[in-house]
Every structure is written in C-alpha cells, then in structure tokens.
Amino acid sequence: MTLEEKVGQLVQYSAGQPTGPGTGRTDYDSMIRKGEVGALFNITTAREVNVYQRIAVEQSRLRIPLLFGLDVIHGFRTEFPIPLGLASSWDPQLVERAARVAAREASASGIRWTFSPVVDIARDARWGRMAEGSGEDPYLGSAMASAYVRGYQGTRLDAADSIAACPKHFVGYGAAEGGRDYNSVELSEHTLRQFYLPPFHAAVDAGAATLMGAFNSLNAVPASANPFTLRQILRTEWGFQGVVDSDWTSVAELVAHGIANDGAAAARKAFLGGVDMDMASSLYHDHLAQLVRSGEVPEARVDEAVRRVLRVKFALGLFEHPYSDEVKEAAAMLRPESLTLARTAAEQSFVLLKNSASPGGAPILPLSTETRTIALIGPLADDQNNMLGSWAARGRAEDVVTLRAALTQKLGVDGLRYAKGTEIIGGSDDQIADAVRTAEQADVVILALGEDAPAMTGEAASRAHLGLPGRQQQLLEKIVATGKPVVLLLFSGRPLTMPWAFEHVPAVVAAWFPGVQAGPALLRALFGEVNPSGKLVVSWPRAVGQEPLYYNALNTGRPAGNIDLTRPPKNGDEKFVSRYIDVPNSPQFPFGYGLSYSNYQYGQPRLSKEQLSAGALNDELCAGGRASNAAVEVSADVTNTGTRAGEETVQLYVRLQGTSVALPVRALSGFQRVTLTPGETKKVTFTVGPDAFAFWNDQNKFAVEPARVTIWVSPDSSSGSEATLQIVK
Ligand code: GLC
C-alpha cells in the first residue's frame, strides 16, 4: 500500500443526508477510485451501497471494500422505542433481540457498521442525548451496552446479518456542563472510572469491533485527542484492538477547542492521541501523509491503524462478500416477527408513574372494556413521525401505528372522540376550547402530550426548562378542570418537570417515543392486556434546578437525612444541611421506580454470611471471578399481592461505608425480572461477588476494602428494607 492508500483507509465521509456540518469533499466516485476513502455513511439502500462498492472493489488499485456505516440506534426500518425506553424495560435479552433485528435489516441494505450503542452515562435531563442512552447507572448501562453489542455482532461478525458495533461517545459526553450539548466536561479520575467508563468497558469486553470518540473536552483535554483515555485506558488497560472512529468533525474541532491552530496540528494531535479514523473532517486526507513524511507521525502508527480497519473489514467478510443482495433487501424489512418484537419492546418500555383512584373509585387504569366513550386529546395522539423518536435511521412515519389509529380500530369511530387540543409548540384558544368540548362528551380522557422528538430530543437539543412545551400545560389544566377521569401519556426523550400534573392527574405513563408499534402497545397497556413493568433508568426531577440528579450520589458531610424538606427550614438543624430551601432534594420519582397493575410486597433481605474477607474477594477479583465462594447469597421473598399476574424487576443495591473514598448511598449491583401470579411468592436470590464490593479507591486501584456493607433488595432505589454485613481484612 502506498502511504496515500494507507491514509485512504483512515478516512470516511457522509455520502447521504448529512447529519452534521459539511466538509466540502463530495467527489466520492473519484476519491474511491483513487483509494482515498475507507468508509462511507448515511447511505441507506443496497443499490447505493453497491454502486460505490463496485467502484472500490473493481476500479481501485487495491480493490479494498468500503465499510458502510449508519446511526442505527433503535432499529433500522423497524423502529423500536428510543434507547431510553428500551432501557426502561430492564430487559437486556429484549434489547439484544431488538439489536439483532436492527442488524438483520441494516445488513440487508449493505450497512455493516452501526454507530451504536450510546453508552454515555446521563445524569442531567437538560441534555437532549439522554434519550439515546441507557440512563444514569453504570451497572444497568453495562448490561445494556453488552446486550446491544451481542445483538448487533451476533455470534460471528462475518455472518451476513451481523454488523459492527460502535459504542459511543468515548468518554464523559453526558456530563456536559449545564446539560448543554458539546459543552466542557470536568470529571475526576475516580468519577470517570467509577461511573462513566464501566459501560464502555462492558461493550469492549463484549467484543465491540469499533468505538467512537466524543466532541467534548474532558478536564480540558478534548476527548478526540486524549491519550489518557484513548490509549492508556482503552488500549493499554483494556486491550481494545478495534478501530477508534472520530465523531463527525471532532478532529477539525480541535482547532475550536484551542489545542490546534491549523488542520495539520489537529490531524496530528487526534491521530497520535488515539483516533484511527477521521469521520468527515477530511483532515487526515489533507495532512496525514505529509505528517508522516515530515516525521511528525511515525508511519508505524499509521500501519497499526490501517491494520485495525482492515481487520474489521476482514472480520465482517467484506473481502469475500462485498456486495449486498438488492433482491432480498425489501423482504428483510418490517417482518411480522420484528413488528411483534417492536410491540413487546414498547409495552415493556412504558413506566407507570401514577395510577391513583379516580375520586372514590378504583384506579383508573387499566381502562374497563366497558368504557363507552374515550376522548383522545393532544398533539402526540396521532403523530406518526414523532413516535419514531430521534435518530430513526430508515424508519418511516407511514410505518407507525399511532394511538389514535389503534383506538379507532378497537372502539370504532363512535367510541372515540379525538381533538388535537394544541400543537407541541404553539396552538390556538379554539383548539383548546374544542378539546374541552370533546372531553366533556367522554367517559374518560386520554391526554397525549410531550416533546417534539427531532427538535427537542437527541443531539443538539438541550433544554434549560423541562416543563411541557408550548401551551400543553394550559390544555392539561383545562381538561382536568372538566372533572373527567384523565390518563396522561407523556411522550418525551427525558423526564419532564410537571409537579402540577403529578398532583392533579390520577394516572400518568411515561411512554417515551415507542416506535412503529406505539398504538397497539399503548392500547394493550391501557386496557390491561399487558401489565406495565417498566422502571425508570433516570431520576425524575421535580425542578430543573435539581439537575444533575442521580440516585447513586454521595451522602455529603451534611446529609438532609429525614428532615422534612417540603418546607423551608425551621431552625439551624434543618437549615445547615445539603438542601434547597424551595424544593425537596428527592426526585419526583426515583431511579428504578415503576408501578404496575399488581402490587408487590418485598420481604426482609436474608444473607448467607455476616462477614466477608476483603483478601478473598480481592483474590477472586484478580482471578477475574464474578461470583465465587468469597461471595454472599442475598435473598428476599417477593409476593404479588395484586389480582393480576405481572413481571417485577427486583433490584439489589449495595452501600459501602468506612472506605478510603466516599461511595454512593446506594449502588445497583443486580437485578432480576420475575414473573408472579396473583398471590404467588418467589424467593429471589442474588449471588453477590467481588464486583459488587470493589471500587476505585484512594490509590486509584479497583479493589475491595474492609467496610460496613448495607444491602437492599427493593423495587426501586429509594425504598426497601436493608440487611448489613461486614467486610473484614
Ligand atoms: C453525530 C453524532 C454521533 C453520530 C455521528 C454520525 O454528530 O454525535 O452520535 O454517530 O454524528 O451521524
């Protein structure tokens, strides 16, 4: 390979609908013919892929196939719920199956590389990309990251329906100051290692073939030119052998960051900092060969990066099978079993936040099949495009079954009254008046409110206010004022601060953006054909001022403890603690929270041991043990005291005290989905080993120390009874 041909393998461009700033080079046919392109992305059909692939394989000197990438983050054509919704299922197997469908569909169109999963820990709901990931917890985030990688890559990467995963955005992107996308990030090495790195480590351990860098600076060093994270941690500590891809023009953005004064310096610092492939900035094309010739970049480093790219192409089988079968493409899309899975995923994604009794009656949900007339009101009730969420790949609005369509089919035109009520942003008094009249004719009102997915969630969609946009709050209050029973469905890419709604509306469901089967899934959940089981993966704030808000926080030296924070402090004891004077510290709803149509009772946790040995646990840790004889069995009885069968995600939390660094008041260390029939009790057992007790200590080592341990087996991160044990030397 000539030096230019080597550099060509380290360059990729968006050759389809751009999803970011442009770069000017668009003569792809001649660039490919000259061996100047290693990958293209944003192309989405087998025909287009084959056109470019033929040029690479039949007209270039080395005939190296191109790699085609795309953001397939919650489905390719069969759109599943947004990742925040998928994670709310707490079902990694479901996520793996959804990723498998996405891989099968994307690969049928010649896409063999997805820029997914998003594994950024997200603690701040102001950040729009919270929608794209799996929430605030590293344990759950790690389980989801691994599931996506397994689903995309399958058991063999060279299988025709496998695609290379690309966990992103490495690293710390979700900690953007102020929740403002692309903003600076400051994280101590302890926090980085304890909370933000584990999901990436899990994705790498699951065999991710590639990984994507991030736009943000991390402790003043841009993540896309950061030898500490990209080389020391990723390569030396974790042994990652895959390709590091830049995010869009993040190589060029090193100039804006202020660590490079021209393109050549930016290319040099990104490449030597650990970025193998330049997405879209064209600076590796423009400068890398010259940087090698001038001796500023060793050619051996370029060879290493090229080998990584070629290994991925070989592993995908692209040299043997570079082309896509255009005839088979359509048959792969929207298969019945894929749609059924999309509906199941949506059903499991919904989080029932509130379901109180209508005045003097039973809880409003599930709706009785005897319900004669339903009023469906709101801008998200019949909006096919928004149900797809952000980053909808080749999802099409016409594929979506909305709640209005599903209800009309079930109830008939006479049984359903519909009014849009307002716009997501904007709307008129007449619309609201019409909606009120519609509500007054019905037995029950379903309100579908929330955000505009493409405009308000995902990338470059940070919000400083987290309430209902536009005039939706006004509509909500007018509808509640009719006195009709109201069920509020929230369609959003983040938690929304809506204290009035949670006080005045009897039933509220977080529906996120549920994908192509939104309507059928919501119908089955609303009428009780399926029992909601979703749980929050992010803490739900009462007020935006609480952000960033997360359950696994440190206790501080002045915890508010059991002080009543619903009112201003009465005395010094209530004042001089870590608190606001105008809002309680607690979330509206905690991480791990979610109701169902059943009720579950948790027994006291029982431990198989009262004492563990730090030495034995560390020995196991060094041996790579997950759970061993140094472990402890934790069990608790969980009973369904309701009248419906249901699935409950039982959670295990651990707290360590007396350690060399302060650790969270709770840390998720296990979860299990259990199915319980009415009246049934199951003994749920967790084997808790070294991973649950090890942490990044004051010597920057991941180890177990003597500690007082508190353990909960509970329905969420803020309730449940506890058991304690000691870890001794
Ligand atoms: C974007 C996003 C990244 C995506 C890439 C390609 O700017 O940050 O998540 O994979 O561009 O579309």
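Calculation notes
- Residues numbered from 1 in each chain as written.
- Predicted model: local features only at pLDDT ≥ 70, side-chain atom pairs only at ≥ 80, totals over all residues.
- Heavy atoms only, no water.
- Phe/Tyr/Trp six-rings, centres within 6.5 Å; stacked < 30°, edge-to-face > 60°.
- Helix = DSSP H or I, 4+ residues; strand = E, 2+ residues; numbered from the N terminus.
- Buried < 20%, exposed > 50% of the residue type's maximum accessible area, 1.4 Å probe, protein only.
- Domains from an automatic or database assignment.
- Pairing = 2+ DSSP bridges.
- Near = heavy atom within 4 Å.
- Polar contact = N/O pair within 3.5 Å; in protein donor to acceptor, adjacent residues only side chain to side chain.
- Nonpolar A, V, L, I, M, F, W, Y, C, P; charged D, E, K, R; others polar.

Here we come to the packing of aromatic side chains. Taken as a whole and assessed by the stated rule, the structure comprises 24 aromatic pairs. Centroid distance Y551 to F591: 4.5 Å. Interplanar angle 10 degrees. Geometry classified as stacked. Residue Y551 is located in the loop between helix 22 (518–526) and helix 23 (572–575), and its partner F591 is located in the loop between helix 23 and strand 16 (600–602); the two are separated by 40 residues in the primary sequence. Owing to a relative accessible area of 10%, Y551 belongs among the buried residues under this scheme. The exposure class assigned to F591 is buried, which follows from its relative accessible area of 0%.

Often the size quoted for an interface is simply the accessible area lost on bringing the parts together. Split by domain assignment, the chain resolves into domain 1 (13–315), domain 2 (342–526) and domain 3 (600–728). Distance from the C-alpha centre of domain 2 to the C-alpha centre of domain 3: 37 Å.

Attention now goes to the sheet that holds strand 3 (residues 67–70). Pairing is parallel across the open sheet formed by 5 strands, whose spatial order is 4-3-2-1-9. The open sheet has two edge strands with one neighbour each: strand 4 (113–114) and strand 9 (278–279). Where strand 2 (residues 39–41) meets strand 3, 3 bridges bridge the pair, whose relative direction is parallel. Across the sheet, residue L40 finds its bridge partner in strand 3, namely F68.

Taken together, 14 residues lie near the ligand, and D71, R129, K168, H169 and D247 sit nearest. Contact distances for the ligand include 2.7 Å between an oxygen atom and a side-chain N or O atom of R129. D247 is positioned such that a nitrogen or oxygen atom in its side chain is 2.6 Å from an oxygen atom of the ligand. The class makeup of the residues in the shell around the ligand is 7 nonpolar, 2 polar and 5 charged.

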